[in-house]
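Architecture at a glance
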Amino acid sequence: ELPVCIPVKKDAYLVGRHGIKKEGKIWTLTDVLTDQVLYFTCRTSAVTYSICYQTGHLKIAHEMHTHDSAILQFREELENFSYSMSKARRKKDWWRVDHFTNLSSQVESRLLAAKDRLEKTINLAKYFKIWE
């Protein structure tokens with residue numbers, strides 16, 4: 001059965017048995033039956049995951065959550081590297097600045113790849129006939 005999507009507030013939705021709301025920069029999806037909480041980077045991925053999961057498209061829902069989790073992890077790594085880089089700049093430790101710059105550029109490329117995979121997965125989910 002196709003889940004009903006009800007906007008509760010500007011940043012909160014009910015999609016079938018899932019509650020989706022924005023907390024800071026992250027969207028949380030809570031399963032009403034199991035109280036399991038999942039985290040997403042954007043509303044689109046959270047709502048699309050919820051619809052795919054509840055309509056039985058578990059493989060694509062899992063892929064979507066995997067890619068989105070990777071994006072969250074890469075963003076956190078970038079924040080840590082940025083903090084460490086600024087700390088090294090204050091101490092004028094130029095070797096560490098270069099080191100964290102290199103690590104940041106590697107993580108940025110992985111972040112772009114994960115964003116691209118997530119976008120492709122969301123676009124693929126749009127073509128499923130979930131209403132039959």
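Here, every reference points to the structure presented above.
None of the values given here were measured: they were computed from a predicted structure. (Residues numbered from 1 in each chain as written. Predicted model: local features only at pLDDT ≥ 70, side-chain atom pairs only at ≥ 80, totals over all residues. Heavy atoms only, no water.)

1. Looking at helix α1 (residues 43-54)
Worth spelling out the cut-off: Per the convention used, a helix needs a DSSP run of H or I reaching at least four residues, while a strand needs a run of E reaching at least two, with both numbered from the N terminus. A helix is expected to span 1.5 Å for every residue after the first. Burial classes follow relative accessibility: with a 1.4 Å probe on protein chains only, a residue under 20% of its type's maximum area counts as buried, one over 50% as exposed, and anything between as partly exposed. Should any heavy atoms of two residues lie within 4.5 Å, those residues are considered in contact.
Taking 1.5 Å per residue as the helical rise, α1 with its twelve residues ought to reach 16 Å, and the 17 Å between its terminal C-alpha atoms agrees with that figure. The set of residues buried in α1 consists of S45, A46, V47, T48, Y49, S50 and C52. Elements that come into contact with the buried residues of α1 comprise β2 (12-15), β3 (18-23), β4 (26-31), β5 (37-40), α2 (58-91) and α3 (94-125). Remark: G56 follows α1 within two positions and exhibits a positive phi of approximately 95 degrees.

2. Comments concerning unusual backbone geometry
The residue D35 is not glycine, and still its phi comes out positive at about 60 degrees. Looking at the element boundaries, D35 is found in the loop between β4 and β5. The backbone of K92 sits at a positive phi, close to 60 degrees, despite the residue not being glycine. Inspection of the secondary structure puts K92 in the loop between α2 and α3.

3. Let's talk about the packing of α1 against α3
How we decide: Here, axes are lines fitted to C-alpha atoms. For helices the fit covers the stretch in contact, and angles between N-to-C directions go from 0 to 180 degrees. Note that the term roughly parallel is reserved for angles under 35 degrees, roughly antiparallel for angles over 145, roughly perpendicular for angles of 65 to 115, and oblique for everything else. For any pair of crossing helices, the crossing counts as left-handed if the nearer helix is rotated counterclockwise from the farther one by less than a right angle, and right-handed if it is rotated clockwise. Throughout, the ten residues Ala, Val, Leu, Ile, Met, Phe, Trp, Tyr, Cys and Pro are labelled nonpolar, Asp, Glu, Lys and Arg are labelled charged, and all others, Gly among them, are labelled polar.
Direction vectors running N to C along α1 and α3 enclose 45 degrees, while the axes themselves pass 11 Å from each other. Judged by the angle between their axes, α1 and α3 are oblique. In this structure, α1 meets α3 at a crossing whose hand is left-handed. Within the contact between the two elements, α1 uses T44, S45, T48 and C52 and α3 uses L118, I122 and A125. Partitioned by chemical class, the residues of the contact of α1 with α3 number four nonpolar, three polar and no charged.

4. Comments concerning the environment of K87
Looking at the element boundaries, K87 is found in helix α2. In sequence terms K87 and Q106 are 19 residues apart; their C-alpha atoms lie 20 Å from each other.

5. Considerations on the sheet that holds β5
Just so we agree on the cut-off: DSSP-based pairing: two strands are paired if at least 2 bridges between them are found.
Pairing is antiparallel in the open sheet, where five strands are placed in the order β1-β2-β3-β4-β5. In the strand order of this sheet, the two ends are held by β1 (5-9) and β5, each with one partner. Shown here is a sheet whose adjacent strand axes are inclined to one another by a mean of 20 degrees, direction ignored. Where β4 and β5 come together, four bridges link them in antiparallel fashion. Residue pairing for β5: T28 is matched across the bridge by Y39. In this fold α1 packs onto β2, β3, β4 and β5, with an angle of close to 170 degrees to the strand it touches most, β3. Each of β4 and β5 is contacted by α2, which is oriented at about 65 degrees to β5, the strand it contacts most.

6. Quick look at the packing of α1 against α2
Contact geometry for α1 and α2: axes closest at 8 Å, N-to-C directions at 155 degrees. Taken as axis vectors, α1 and α2 run roughly antiparallel relative to one another. In this structure, α1 crosses over α2, and the sense of that crossing is left-handed. Residues S45, T48, Y49, C52 and Y53 of α1 form the contact with α2, whose own contacting residues are L58, I60, A61, H62, M64, H65 and D68. By residue class, the composition of the contact of α1 with α2 is seven nonpolar, four polar and one charged.

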